[in-house]
Structures are given as C-alpha cells and as structure tokens.
Amino acid sequence: MEGLEVTVLLGLTILVGTLIAPRVRLALPLVLVILGLLLGFVPPLREVQLPPETVLLLFLPVMLFWESLTTSLRSIRRDFRYIVPMSTLLVVASAFAVAGIGVLFGMPWEIALILGAAVAPPDATAVAALGRLLPRRMFMKLKAESLTNDGTALVLYAIAVSLALGGQVTPLSVTWDVLVSYVGGIAAGIAVAALATLLLRRISSTIVINVTLLLVPFSAFLLAELVHASGVLAVVVAGLIVAWVSPRVTTAASRRQADAAWPFGVFLLNGALFVLIGLEVQFVAHEISAAAIGRLVLVTLAVWATLFAVRYVFQLLNVLFQRRSAERPPRGARSRARLVSTVAGMRGAVSLAIALSVPTGVSAGSMVGGRDEIVFVTAGVILLSLLVQAPLLPALVRWARFPVDHAEDEEYELAERAISGAALAALDDLAAEHGIGQEVRDRVRAEGYQALEFANARTLAREQALIDAEADALDEMLGAPDPYGTGGEARSREDDDEDAGNVAVSAGTAPDPEATDGTTLQMIATSADVDLAQRSPLVRHEEHTRLKLALLDRKREVLLGLRGAGTVDDMVVRRISARLDLEQVRLQGIEEFD
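Criteria and cut-off values
Residues numbered from 1 in each chain as written. Predicted model: local features only at pLDDT ≥ 70, side-chain atom pairs only at ≥ 80, totals over all residues. Heavy atoms only, no water. Phe/Tyr/Trp six-rings, centres within 6.5 Å; stacked < 30°, edge-to-face > 60°. Helix = DSSP H or I, 4+ residues; strand = E, 2+ residues; numbered from the N terminus. Buried < 20%, exposed > 50% of the residue type's maximum accessible area, 1.4 Å probe, protein only. Lys NZ or Arg CZ within 6 Å of the ring centre and 35° of its normal. Salt bridge = Lys/Arg side-chain N within 4 Å of Asp/Glu carboxyl O. Expected span 1.5 Å × (residues − 1). Bend = angle between axes of the 7 residues up to and from the residue. Patch = residues over 30% accessible without salt bridge, like charges linked within 9 Å, V, L, I, M, F, W, Y side chains within 5 Å. Areas by Shrake-Rupley, 256 points an atom, 1.4 Å probe, with all protein chains shown as cover. Lys, Arg positive; Asp, Glu negative; His and termini not counted. Charge placed at Lys NZ, Arg CZ, Asp CG, Glu CD. Axes fitted to C-alpha atoms, helices over the stretch in contact; angles between N-to-C directions. Parallel < 35°, antiparallel > 145°, perpendicular 65-115°, else oblique. Left-handed = near helix turned anticlockwise from the far one by under 90°. Contact = heavy atoms within 4.5 Å. Nonpolar A, V, L, I, M, F, W, Y, C, P; charged D, E, K, R; others polar.

**Re the packing of aromatic side chains**
Okay, step 1: If you walk through the whole model with that rule in mind, you get three aromatic pairs.
Okay, step 2: Ring geometry for Phe65 against Trp262: centres 5.3 Å apart, planes inclined by 45°, an arrangement best described as tilted. In this pair, Phe65 is assigned in helix H4 (residues 52–69) and Trp262 in helix H14 (residues 252–287), connecting sequence segments 197 residues apart.
Okay, step 3: On the basis of relative accessible area, Phe65 is assigned to the buried category, the value being 1%.
Okay, step 4: You can call Trp262 buried: its relative accessible area is 9%.
Okay, step 5: The interplanar angle of 40° and the centroid separation of 6.1 Å between the aromatic rings of Phe96 and Trp109 together place this pair among those described as tilted. Of this pair, Phe96 sits in helix H7 (residues 89–104) while Trp109 sits in helix H8 (residues 109–119), and the two are 13 residues apart along the sequence.
Okay, step 6: Note on Phe96: relative accessible area 40%, which makes it partly exposed.
Okay, step 7: Look at Trp109 and you get partly exposed, because its relative accessible area is 38%.
Okay, step 8: A cation sits over an aromatic face here: Lys141 above Tyr82, 4.2 Å from the ring centre.

Following this line, the structure appears as structure tokens:
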C-alpha cells in the first residue's frame, strides 16, 4: 500500500476505535490492538510495515518527551531509591530470566537474550495510557521507572546483538558500554536542554518557541546516538529539564498552543502504534509455520509469566534499598500494592521498537527465523499486557482498597490561596509602579478578594464533603435509618436551593428584570448624559489589563517558589500555570496569541 493510503487507514482506525471504546467500556489501546488484529486478516493490509528505525527514531522521542514533560520531578527525587534499582537491576534480572526461558524452549542463547532485552522494560506510554487508575504516588513511581529503564534495555540489546553477530564481549567492554550509555545520554540531554533554554530566552514568537521545543527530543536523541549513548535517556533528561525551566523561558501563548498540540500529536502516534502492533502480530503469524506457532505461543505465555514473577520477587528484595519510614503501611497493604504494581508493569512501544530493530543479519546461518521469533513473542507479550493486564487492573485496584489520596487536592488549594494572597498583598505596590488609578485598583482588589474567598470556600466544601461521606459510611455500616426520610431529603434540597439563591444574590448575580427586555442596553446606547470629561473607558481598560498582568506575574513567582521549596508538586504547578496562562491570553487578546 502507498503511504497516503496507510495514513488514511491508520487515521480511520483510530477514529473508529475512539468512537467504539466508550461504548464497549474498554481501554482505547486495547480496542486499537483488536482492530489491528482484525485488519490483519486482509492480506494487503497485513503487508503494512513500518521501517524498524521509524518506531525508534520518530515515535519514541515524541512520546517519551511528552511523558517527561508531564512527570513530577519531586516524585522522582522522593522515590529515587526505589526507581534506580527498578530501572536497572530489575531490567537486567528480567532480561536474563527471559533468556533462560528462551533457551529452555530451544532458542539460541544470543537470540534469547535479545528477546529478554526487548520485553524487559515496562513502557512509559502504556503506563500513561492505562495506569491512571493507580494511586498518584504509585503511578508516578511506575512512570518514572518506565522512563528511565529503556536505557538499560537498549544497552543489553546492543550487547546481545553483538554476541549474535559474532562479536567479542568482555566484562570491561560491558562496563564501558553501560557508562557511555548512561553518562553520555545524560550529558546529551543536558547539553540540548541548555542550548534550547538559551535560545528560548531570546525569542518571544509562539511559533518559533514551539518549533524549538519540537526539535529538542530529536536533537537530544541524535546527539546521544552520535556518541553511542542512550538516545532514550537523553530525551528523558532533556524533557525533565525543559519542564522545569519552561515557565520562565516560554510565553503564556506558546504554552497554551503546546498544551493543545502535544497531547493530540502523542495521541495519534500512540494510537497508530497500537494498531501496528495488531498488524505486526498477524504478519509474523503468517510468516511462521503452523507447527512453530504452537511452540511460540507457549514461549510467549512462559515469558509473560516469568516477567510477572521476576517483578514481584524483585519488589520484595527492593525493600533493602528503601529508606526506613516511621509511617509504613500494614504488611497486607504492602503486599496488595506490590501485586498491583506488578500487573501495572505493561509492555508497549519500546519493546516493539527493540524487536523490530533486530538486524536481518541475526537470522543468517544456523539462526534462521530468530528475528521472526523475537518479534512474535514480543508482540505476544504486548498483546497479553493489553488483553489481560489492562482489563484486570481496575478490578485489582478496587480489590486492593487503597486509601483515598487527597494530597494533590490539598496542595492545589494551598497553592491557590498562597498565590491569591500574595497577589493581594502586592497589589498596591504594583499599582503604584504601573501608574494605576484608584478606581481600577479597587476593582481588581475586589476581584482578588472574591477569588480568595472562592478558594477558601472550595477547601471548606471539600473538607465538609469528606466528613459527610465518612458519616454516611458510618450510618450505612450501623444500619441507621434516615431520620428525615424523604421529607428530610426534600427539605435538604430546599435548603440547598435557598442557600444557592442567597449566594447568588450576595455575589451580585441575581437577575435584573429590566436587563432582560433590552431597555437597559438601549438606554446606554442612546443616552446623551455621558460625561466626556471623565477618564476614558479605554484608559481604565488598559490600566486594568496592565495591573492584572502584573498580578499574574507575581502569582507565577510565588507558585514557582512553592515548587522550588517542594511545597507543591510539579503537576499541581502545571495545572495552576495552565489556568494563569489562559487568563493571560484572554487579557492580551487573540491577536497577541496569534
């Protein structure tokens, strides 16, 4: 098929999957894989194949960069002792365990090790797509692990391919490869991020800023590859740095544009990749003999089960690396958390990219079919992740009975109150600095107090809702009847309506009967009583805009200070920054945004 036909086919499949997934109540990645499998029954469609380097060099940099931008640095620092062993030692243990299973089923050792390197790392994009049901901290730990373990897997893959092609590997060469991969990847990511930061400080055009950001992941990957280091690690490091400095070196308009464009682009790439996984399974299945398929299905099941076992056992051993905490959860809760984390470790894009990147030379001589076996088993493990682990995960999370984590909501409310209070405290100084009149100053102060009161009211409402929920749960547990019955419920609703009406009147939002018939608007439009000597509405509007923008800058300074002190999480900062950016774009107008 031609490139345009493939593009239209993938786009239509993603569209159909997006429409079907909510109706059948299945995760979208799972639906897209199933659609890919169904398309594979059509012989011409089965031949749709991406060049191996396309997945590795086009898909991964974009997807990993976006996941890095939306990862909490505070979470990485807090759980660093957990993440490092899981992203290095666990990958090595998983790869060699899978290699052992492959040898038991008759695979050459080198081919089995390539297979182990391919399926060892859980994938960040799969985790992001399917793991958001997890508690916040567990999700961030798993996401950070998935972002950093790819470098280890790719080093193992390079060693295994070298062995398969007859190269000589020594402990010294392995140590050197690991050092170059990690140190070089980190250095490449830092260098590209630093260069991008210097450039972004000197430009203000929305388009230029976002083109620069788009080039960051590809430049980091390319630079790392040139020095034979980990391109994946370079992209992740560059993304984490850019996420940290972005509020200070980009504009509100550019961030709003990026926040709209990047998720959409990543969604399309991720969706296309899941469809291609289904097509790849069909293609390889038709390339392998029927007798070999049965054996490879057993290998796939054995490899999948081995990955489960190794991950669960390693989490037991990983306790040795953890810092002792005074508030440790009960033993049963820790066991349930380990099981959920094991099921949440799903395979995806990186595994497929490694499998497809196996050179055809590996299949020469006595190892005929080795590449097809690797691709088949890898795709099968990914398929099992989506077909079994993804539907199982929600039920398992409910079974684990994790306590509800309100930390993010509390930090969000704390940050909102802090920046609103800081803006009010600085209002007079900023007004004097920008030459703002008293009328505009009082108006903005009233708006600020209203925003602060709203933030306080939202906090009290959330806390009261938690108290009411606990009381309802206690009543239900004790079997206590409703003292009001239906009448009480109706009376409660009436009280709520009355309160809502009072709030509306007190806030000045009560409807004006005269305003609904058009007479008020007509009077203003035709009145001859306007005092032309008063300060121009245009001047007041311009002063209001300048003061509001100055207050937004003050809020950002306080917000970034809270982030730097570790008081609020990066994701909370990202949420509030998006709202501040939207307000700034509204104040400056769509012309400035364009």
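**Comments concerning the pattern of salt bridges**
Okay, step 1: Per the counting criterion, the structure on display carries 23 salt bridges.
Okay, step 2: Where Arg78 meets Asp79, a salt bridge forms, and the shortest distance between an N and an O atom there is 3.8 Å.
Okay, step 3: Using a relative accessible area of 6% as the deciding quantity, one classes Asp79 as buried.
Okay, step 4: With its nearest N and O atoms 2.5 Å apart, the salt bridge here joins Glu542 to Arg546. Pair noted here: Glu542 and Arg546 are both in helix H24 (residues 537–564), with a separation of four residues, about one helical turn.
Okay, step 5: Each of Glu416, Arg443, Glu447, Lys548, Arg579 and Glu583 takes part in salt bridges that share partners, so that together they form one network.

**Here's the deal with helix H10 (residues 136–164)**
Okay, step 1: For H10, with 29 residues, the first-to-last C-alpha span of 42 Å sits near the 42 Å given by 1.5 Å per residue.
Okay, step 2: At Thr148, H10 shows its strongest bend, of approximately 30°.
Okay, step 3: For H10, the buried fraction is high: 22 of the 29 residues fall into the buried class.
Okay, step 4: Where H10 terminates, the next one or two residues include Gly166, which has phi positive at roughly 90°.

**Focus: a negative patch on the surface**
Okay, step 1: The grouping of Asp405, Asp409, Glu410 and Glu463 at the surface amounts to a negative patch.
Okay, step 2: In this structure, Asp405 sits in the loop between helix H18 (370–400) and helix H19 (407–425).
Okay, step 3: Residue Asp405 is classed as partly exposed on the basis of its relative accessible area of 46%.

**A word on the packing of helix H1 (residues 3–24) against helix H2 (residues 28–39)**
Okay, step 1: Contact pair H1 / H2: the axes reach a minimum separation of 9 Å and the direction vectors enclose 130°. Put simply, H1 runs oblique to H2. The element H1 and its partner H2 pack so that their crossing is right-handed. Across the interface between the two elements, Leu9, Thr13, Ile14, Val16, Gly17, Thr18, Ile20, Ala21 and Val24 from H1 touch Leu28, Val31, Leu32, Leu35 and Leu39 from H2.
Okay, step 2: Taken together, the residues of the contact of H1 with H2 break down into eleven nonpolar, three polar and no charged.

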